[in-house]
Amino acid sequence: MLDRIHLLAAVTVLGVLEQAYFFLQVIYARRAFGISPPKISGPPEFERIFRAQVNCSEYFPIFLALLWQAGLFFHQGLAAALGLLYLYARYCYFMGYKASSSERLAPIYFGTGVLWILVAASVLGILHFFLSHYVGLNLLQLLTA
Amino acid sequence: MLDRIHLLAAVTVLGVLEQAYFFLQVIYARRAFGISPPKISGPPEFERIFRAQVNCSEYFPIFLALLWQAGLFFHQGLAAALGLLYLYARYCYFMGYKASSSERLAPIYFGTGVLWILVAASVLGILHFFLSHYVGLNLLQLLTA
Amino acid sequence: MLDRIHLLAAVTVLGVLEQAYFFLQVIYARRAFGISPPKISGPPEFERIFRAQVNCSEYFPIFLALLWQAGLFFHQGLAAALGLLYLYARYCYFMGYKASSSERLAPIYFGTGVLWILVAASVLGILHFFLSHYVGLNLLQLLTA
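Residues numbered from 1 in each chain as written. Chains lettered and ligands numbered in written order. Predicted model: local features only at pLDDT ≥ 70, side-chain atom pairs only at ≥ 80, totals over all residues. Heavy atoms only, no water.

- Labelled according to an unreviewed UniProt entry, chain A appears under the name Leukotriene C4 synthase, originating from Balearica regulorum gibbericeps.

## Focus on the interface of chain C and chain A
Move 1: Between chain C and chain A, the contact holds 27 residues from the first and 27 residues from the second.
Move 2: Together chain C and chain A conceal approximately 2,200 Å² of surface at their shared face, both sides included; 79% is due to carbon and sulfur atoms.
Move 3: The three residues of chain C that bury the most area against chain A are R51, E58 and I62 of chain C, which together make up 22% of that side's buried surface.
Move 4: Run the count over chain C and chain A and you get 0 salt bridges.
Move 5: Inspection of the region where chain C meets chain A yields 3 residue pairs in polar contact (both at pLDDT 80 or more).
Move 6: Counted by class, the side of chain C that touches chain A contains 17 nonpolar, 4 polar and 6 charged residues. (Contact = heavy atoms within 4.5 Å. Buried area = accessible area lost by both parts, 1.4 Å probe. Salt bridge = Lys/Arg side-chain N within 4 Å of Asp/Glu carboxyl O. Polar contact = N/O pair within 3.5 Å; in protein donor to acceptor, adjacent residues only side chain to side chain. Nonpolar A, V, L, I, M, F, W, Y, C, P; charged D, E, K, R; others polar.)

## Points about the relation of the copies chain C and chain A
Think of it as a corkscrew move, a rotation about one axis and a shift along it, taking one chain copy to the other.
Move 1: When chain C is brought onto chain A, the operation consists of a screw motion whose angular component is 120 degrees and whose axial shift is 0.0 Å, with 0.0 Å RMSD remaining. In short, the pair behaves as if placed about a three-fold rotation axis. Within chain C, P61 of chain C has its C-alpha nearest the rotation axis, a separation of 3.6 Å.
Move 2: An asymmetric contact is evident, with only 7% of the interface residues of chain C recurring at the interface of chain A. (Least-squares fit on C-alpha atoms with pLDDT ≥ 70 in both.)

## Brief notes about the UniProt feature "transmembrane region" (unreviewed entry) in chain A
Residues and elements named next belong to chain A.
Move 1: Under the local residue numbering, the UniProt record ascribes the feature "transmembrane region" (unreviewed entry) to residues 7-28, 62-87 and 108-131.
Move 2: Segment residues 7-28 splits into 100% helix and 0% strand. End C-alpha atoms: 32 Å apart.
Move 3: Taken as a whole, residues 62-87 contains 92% helix and 0% strand, while its terminal C-alpha atoms sit 13 Å from one another. (UniProt positions renumbered as here; feature names shortened; annotations may be inferred. Helix = DSSP H or I, 4+ residues; strand = E, 2+ residues; numbered from the N terminus.)

## Structural notes on the relation of the copies chain C and chain B
Move 1: When chain C is fitted to chain B, the best match, at an RMSD of 0.0 Å, comes from turning it 120 degrees and sliding it 0.0 Å along the axis.
Move 2: The two copies present different faces, since only 8% of the interface residues in chain C are matched by interface residues at the equivalent positions in chain B.

## So, the interface of chain C and chain B
Move 1: The partner chain B presents 27 residues to the 26 residues of chain C that form the contact.
Move 2: Taking both partners together, chain C and chain B bury about 2,200 Å²; carbon and sulfur atoms supply 79% of that area.
Move 3: On the chain C side of the interface with chain B, the three residues burying the most area are L2, H6 and P38 of chain C, jointly 26% of the side's total.
Move 4: Our count for the contact surface shared by chain C and chain B stands at 0 salt bridges.
Move 5: One can count 3 residue pairs in polar contact (both at pLDDT 80 or more) joining chain C with chain B.
Move 6: Elements with a contribution of two residues or more to the side of chain C that touches chain B: α1 (6-33) and α2 (44-73) of chain C.
Move 7: Here the side of chain C that touches chain B gets 11 residues from one element, more than from any other, and that element is α1 of chain C.

Given below as structure tokens:
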């Protein structure tokens, strides 16, 4: 069973490490700008780093959900590759947002694009399973027939 | 294996699409009220939409965790049906909160009720597995004996 | 299949119940301090409880991701035991943060330490699977040879 999920598991753990890196950046920023918890407002430089981390955290469960559905129902290798792309986009987003609000835009568009491809792969994979499971229709056989 | 999770996977992807819809609503609200990131405060109309999205994001991993445990250990079809009810409740919650703070209450109570049923199904399912796995006790056989 | 995940499922549901407890604490604090949604700022006593809940929510998907990878690829029992430790650390963190900002520190360090052990277990487990799957190298056999 594990051979169907080991690439997904590896990308998942890598994603966790990235999240840990973002959390550390916020801790460093809190020290640098002297903003102790529970405060979350401060100069724009701090608030950009803080919001970048919050945004990445909000998207993390969504990313994992899509990574695993696409990997289980469509193709594990493709899902894992898209997952790596997404994590790279998130890194660029964080670094861009840290520099300025506008520099977050290009990587967020790219990352969102990757998520939509994962959505498409998930939907196609699940649809294919439904059709072959309930209707006995094999889309792949039809396409190659 | 996939036939034991395909309904859960379908509801999961639907949930992701709902989250995407909520994220878009915040982006539209930011434009409408002229509130650029990283700012998160503004008129109550904006803050309600923003908080609605944050609340839905915070509950999303909890929802997925319960959906999958209830689906794997209790009954996939029932868990998926409850999952659809929850996603509908969340839609009503978001639209209600957008209109006024008080209109979020009825759907949040309903949605939370659905989550508690998923908790109950998960606990019963896991308990049943523990009893049959470790004690050799089959609750279903006892009830129908 | 369920016997390889039932301990992880049990800890997952327990974690959901803990999150529910934290959400309830915020609702009680909102009533006690008269801070109605969508407002999230108020006296430090309220903000500490609110931030404690947000922090626990942000870490919850990360915790689940590590719990399951460590449990699937390393050892289910060990992962579940570490999971229980983490949930206990989070409870101490919440109660400490409620009392004062400084009292959140010891349990957050402890909880983060537990997460890093889960990271290590996940990485080792996945690495071991990769080596035996792709290279045909069995680390455990090498160590005991």
